[in-house]
Amino acid sequence: MADETKAVTTYELVTMKQRGERIVALTCYDALFARLLDAAGVDVLLVGDSVNQVLAGAETTLSATLEQMIYHTKIVRRGAVRAMVVCDMPFLTYQVSPREAIRNCGRVMQETACHAVKLEGGAPIAETVRALVDVGIPVMGHLGLTPQSVHALGGYRVQGRDEQTAERLKADAKGLEAAGACAIVLELIPAPLASQITKSLTIPTIGIGAGPACDGQVLVLPDMLGLNDRFSAKFVKRYAALAEDVREAVKLYAAEVREGRYPGPEHSFPK
Ligand code: KIV
């Protein structure tokens, strides 16, 4: 297990891979949960653009904005003491040109005090990753099912099942590593392919729906807490059933208010 007294850095992530210690990551969108997850020993808090779906109720991540990601990353950073905070760069903030990517990612680093940014894609963004790393911005890559390309990929489907795509993903991973990425998220790819990619790299892989061989795992927090119970997927394990707990607690509160049982004398001030 990782040293719980040491802040998690990009250097520490690589060291964890070398020591064979699994990296624990979760998405996080606010200071309240950041405090809880940090205290529970989570290594990486990923401020995913999934916030646009799970908290803001949008259909996809495509409409997430830079302002939205800056706001959520800033408040997550307030709650994080030890964990590394990574901001997911929203669609079109890094794809247009390396220069624009430096401007937008630099703004995120300055305004949120996060530790790294995450970009989706392989070869087409390798030059941008290199440019960001050259100016001192740590970059986490993201390959496989890249949600910002959901329409181009034909839906949320497992990637890399055919040989050609698998070979491309392997080459993309090596390309991101060569460009200076500090880690790579592998989303929704077959477990044997994730294992091959993980073994081929010196930087860690963090899997979501990519099997057990990755150097770490990440899940969308409301999914694994059972808070977002309208979403289910084979790779999501629910560790709690919070949606049910919330419904029950609120029903009880409503009944007690309606029946005049809350507040009781113990909740009231006699004078
Ligand atoms: O936006 C997000 O939550 C992500 C994770 C699923 C890796 O990118």
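Fair warning: this is a prediction, and the values are worked out from it, not measured in the lab.

Conventions adopted
- Residues numbered from 1 in each chain as written.
- Predicted model: local features only at pLDDT ≥ 70, side-chain atom pairs only at ≥ 80, totals over all residues.
- Heavy atoms only, no water.
- Helix = DSSP H or I, 4+ residues; strand = E, 2+ residues; numbered from the N terminus.
- Rg over C-alpha atoms; globule rule 2.2 N^0.38 Å.
- Buried < 20%, exposed > 50% of the residue type's maximum accessible area, 1.4 Å probe, protein only.
- Contact = heavy atoms within 4.5 Å.
- Lys, Arg positive; Asp, Glu negative; His and termini not counted.
- Charge placed at Lys NZ, Arg CZ, Asp CG, Glu CD.
- Axes fitted to C-alpha atoms, helices over the stretch in contact; angles between N-to-C directions.
- Parallel < 35°, antiparallel > 145°, perpendicular 65-115°, else oblique.
- Left-handed = near helix turned anticlockwise from the far one by under 90°.
- Pairing = 2+ DSSP bridges.
- Near = heavy atom within 4 Å.
- Polar contact = N/O pair within 3.5 Å; in protein donor to acceptor, adjacent residues only side chain to side chain.
- Areas by Shrake-Rupley, 256 points an atom, 1.4 Å probe, with all protein chains shown as cover.
- Nonpolar A, V, L, I, M, F, W, Y, C, P; charged D, E, K, R; others polar.

Description of the overall build of the protein chain
And then number 1: The number of helices and strands found in the protein chain is ten helices and eight strands.
And then number 2: The C-alpha radius of gyration of the protein chain comes to 20 Å, within 12% of the 18 Å expected for a compact globule of 271 residues.
And then number 3: Along the first, second and third principal axes, the C-alpha atoms of the protein chain reach 70 × 40 × 40 Å.
And then number 4: Counting all 271 residues of the protein chain, 50% fall into the buried class.
And then number 5: Long-range pairs, those at least 24 residues apart, make up 56% of the contacts in the protein chain with a sequence separation of at least 6.
And then number 6: For the protein chain, the centre of its 29 positive side-chain charges and the centre of its 31 negative side-chain charges are spaced 1 Å apart.

Structural notes on the packing of helix α6 (residues 123-134) against helix α7 (residues 163-179)
And then number 1: Running from N to C, α6 and α7 cross one another at 15°; their axes reach a closest spacing of 8 Å. In terms of axis orientation, α6 runs roughly parallel to α7. When the axes of α6 and α7 are compared, the crossing they make is right-handed. Taking contact as the criterion, the partners of Ala123, Ala126, Val129, Arg130 and Val133 in α6 are, on α7, Asp172, Leu176, Ala178 and Ala179.

Details of the sheet that holds strand β4 (residues 116-118)
And then number 1: Within the closed barrel, the eight strands sit side by side as β1-β2-β3-β4-β5-β6-β7-β8. Their pairing is parallel. Strand after strand, the sheet turns through a mean of 25° between neighbouring axes, direction not considered.
And then number 2: Of the strand pairs in this sheet, strand β1 (residues 23-27) and strand β2 (residues 44-47) are connected by three bridges, and their pairing is parallel. Bridging from a neighbouring strand, threonine 27 pairs with leucine 46 of β2.
And then number 3: Taken strand by strand, helix α4 (residues 66-79) contacts β2 and β3 (84-88), and its axis lies near 170° from that of β3.

Considering the site of the ligand
And then number 1: As a matter of local geometry, the ligand sits amid Thr27, Leu46, Gly48, Asp49, Ser50, Asp88, Lys118, His142, Val185, Glu187 and Ile208.
And then number 2: One nitrogen or oxygen atom from the side chain of serine 50 is found 2.5 Å from an oxygen atom belonging to the ligand.
And then number 3: Within the contact set of the ligand, an oxygen atom lies 3.1 Å away from a side-chain nitrogen or oxygen of lysine 118.
And then number 4: Protein burial of the ligand: of its 260 Å² of free accessible surface, 97% is covered by the chains.
And then number 5: Taken together, the residues that form the shell around the ligand break down as three nonpolar, four polar and four charged.

A few points about the side chain of glutamine 159
And then number 1: Structurally, the position occupied by glutamine 159 is in the loop between β5 (139-144) and α7.
And then number 2: Polar side-chain contacts of glutamine 159 include one of 3.0 Å to the backbone oxygen of arginine 157.
And then number 3: Those residues in contact with glutamine 159, other than ones at most four positions away along the chain, are Gly144, Leu145, Leu153, Leu169, Leu188, Ile189 and Pro190.

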